[in-house]
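# A structural walkthrough
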Amino acid sequence: MIDSAATRFHKIIKLIRFCVGICGTDVADPEYRMWALTYAIIAVIFFFFASTAYTMYVGLVLNNDWTVILQACAMVGSAIQGLTKLLCTVSKAPLMRHIQGTYESIYEEYEERGGEYTKYLHKRINIFWKLMMGFMWVYIILVIGLVSHPIFCLVFRNEKFLVMQFLVPGIDRDSDSGHLMLITLHVMCLCFGAFGNFGGDMYLFLFIINVPLLKDVFKVKLHEFNEVVEQAKDYKKTVAMMCDLICWHQKYVSILRGTEQIYNIVMGVQLSTACVGILCTISCIFIKNSDFNFEIYSNCLWYKLPTMEQKLIILMLAKSQNELALTAASFLPLSMATALQLTKGIYSFSMMLFTYLEYEK
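Below, the structure is looked at part by part. Bear in mind that the values here come from a model prediction, so they are computed numbers and not experimental data. (Residues numbered from 1 in each chain as written. Predicted model: local features only at pLDDT ≥ 70, side-chain atom pairs only at ≥ 80, totals over all residues. Heavy atoms only, no water.)

## Let's talk about the state of the cysteines
- Within the structure shown, the criterion is met by 0 disulfides.
- Of the cysteine sulfurs around Cys-19, a residue in no disulfide, the closest is that of Cys-23, at 8.7 Å.
- Look at Cys-19 and you get buried, because its relative accessible area is 5%.
- Distance from the sulfur of Cys-191, which forms no disulfide, to the nearest cysteine sulfur (Cys-189) is 9.5 Å.
- Residue classification places Cys-191 among the partly exposed residues on the basis of a relative accessible area of 30%. (Disulfide = S-S within 2.5 Å. Buried < 20%, exposed > 50% of the residue type's maximum accessible area, 1.4 Å probe, protein only.)

This is the structure in structure tokens:
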């Protein structure tokens, strides 16, 4: 028997909460407060930053090897992202619970109505499930690859490599015991970072991918509204359904604004530290405020309404004219143009680096 859309949504929330709970940031809990594990994770992140600085000092000052800077900073971006997600979600915990609760109530309420509502609910769940599985396998492969390579080199080649490129004062990486201690510490940091970043990303994608669900439900409501308008028999029902459409549009705007408040800084850090266009691409695909304009103007029988009700429709259209879109720290719109611009910059820098290395050879 296939689970209902609401049940599947609750299972996804449970999985995400498990991942972020490992890092002490289960903000979905109504009684959530920062506790010992949360502070421990924050302390580990700052310990990683301090160890990275120490590693660069050893490589640059003691060993006169400037390439250590590049190696040590390779994972700093992920640590900054993880710290930003942790602090932003914890500080906005009530807002996150409100948005999550809104989606849960939507799934539970419209699952019972069946028909087109159920179809759109399952459509959004299927999209998110495929995305989550894809990201999960990427994280699993990366973690296994990073951990297995040093072990393989140690067992089969008798060469000592580290999982992460940071040293700890007082631990000799060249000794067997010191090397084992560093690898153990690195694996622990890597696993906590993978769970935390994965859970934070999935919360973001969960909120963003379900935004178009509001548009889909709006479309079905609009179809039902048009049927009542065509009959022209029940004026009170017509007004009630029109007010419901307006409230639904306001709910869409409220959720999108709340999502931007939570992840505005997070997405700015994501773009500035990783320089990847994945968030831009996903956001520009799934978030289009103009869809509401199209549905209202093209599919609503507003011209058959009385003059007073037509003015309400005009008010809703006016509110939809100013497109509300997610941004990265309020200075870069999450659009395809931004993704292409960042990709072009990464490509240009890579080509310059390759050319320099060829010239050095």
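## Focus on the packing of aromatic side chains
- Enumeration according to the criterion identifies 12 aromatic pairs in this entry.
- With a centroid separation of 5.2 Å and an interplanar angle of 50°, the aromatic rings of Phe-135 and Phe-205 are classed as tilted. One end of the pair, Phe-135, is in helix H6 (residues 116-157); the other, Phe-205, is in helix H7 (residues 176-209), with 70 residues separating them in the sequence. The pair Phe-135 / Phe-205 is uniform in exposure class, with both members buried.
- Every member of this aromatic cluster is reached through a ring pair, and the members are Phe-46, Phe-48, Phe-49 and Phe-166.
- One Lys or Arg, Arg-113, reaches over the ring of Tyr-117 and ends 5.7 Å from the middle of that ring.
- Cation over ring: Lys-221 sits above Trp-248, and NZ or CZ is 5.1 Å from the ring centre. (Phe/Tyr/Trp six-rings, centres within 6.5 Å; stacked < 30°, edge-to-face > 60°. Helix = DSSP H or I, 4+ residues; strand = E, 2+ residues; numbered from the N terminus. Lys NZ or Arg CZ within 6 Å of the ring centre and 35° of its normal.)

## Here we look at the environment of Tyr-117
- Structurally, Tyr-117 can be placed in helix H6.
- Sequence spacing of Tyr-117 and Lys-219 is 102 residues, and the spatial spacing of their C-alpha atoms is 9.8 Å.
- Setting aside residues no more than four positions away along its own chain, Tyr-117 makes contact with Tyr-110, Val-217, Val-220, Lys-221 and Glu-224. (Contact = heavy atoms within 4.5 Å.)

## Some details on the side chain of His-179
- Within the element layout of this structure, His-179 appears in helix H7.
- Every residue in contact with His-179, bar those within four places of it in the chain, is listed here: Leu-154, Lys-160, Phe-161, Leu-162, Asp-172 and Arg-173.

## Looking at the side chain of Lys-221
- Tracing the backbone through its elements, the reader meets Lys-221 in helix H8 (residues 211-231).
- Setting aside residues up to four positions removed in sequence, Lys-221 forms contacts with Tyr-110, Arg-113, Tyr-117, Met-241, Asp-244, Leu-245 and Trp-248.

## Concerning the pattern of salt bridges
- According to the stated counting rule, one finds 9 salt bridges in the structure shown.
- Residue Lys-11 pairs with Asp-3 through a salt bridge whose shortest N-O separation is 2.6 Å.
- Overall, the relative accessible area of 45% leaves Lys-11 in the partly exposed class.
- Between Asp-201 and Lys-85 there is a salt bridge; the shortest N-O distance is 2.7 Å. With a gap of 116 residues between them, Asp-201 in helix H7 and Lys-85 in helix H4 (residues 76-91) connect regions that are remote in the sequence.
- Of the residues examined, Lys-85 reaches a relative accessible area of 4% and is grouped as buried.
- One salt-bridge network, in which partners are shared between bridges, spans Arg-124, Lys-215 and Asp-216. (Salt bridge = Lys/Arg side-chain N within 4 Å of Asp/Glu carboxyl O.)

## A look at H4
- Between its first and last C-alpha atoms H4 spans 23 Å; for 16 residues at 1.5 Å apiece the expected length is 22 Å, and the two agree.
- Along H4, 12 of the 16 residues are buried, which leaves the element largely enclosed by surrounding structure.
- Every buried residue of H4 is listed here: Val-76, Gly-77, Ala-79, Gln-81, Gly-82, Leu-83, Thr-84, Lys-85, Leu-86, Cys-88, Thr-89 and Val-90. (Expected span 1.5 Å × (residues − 1).)

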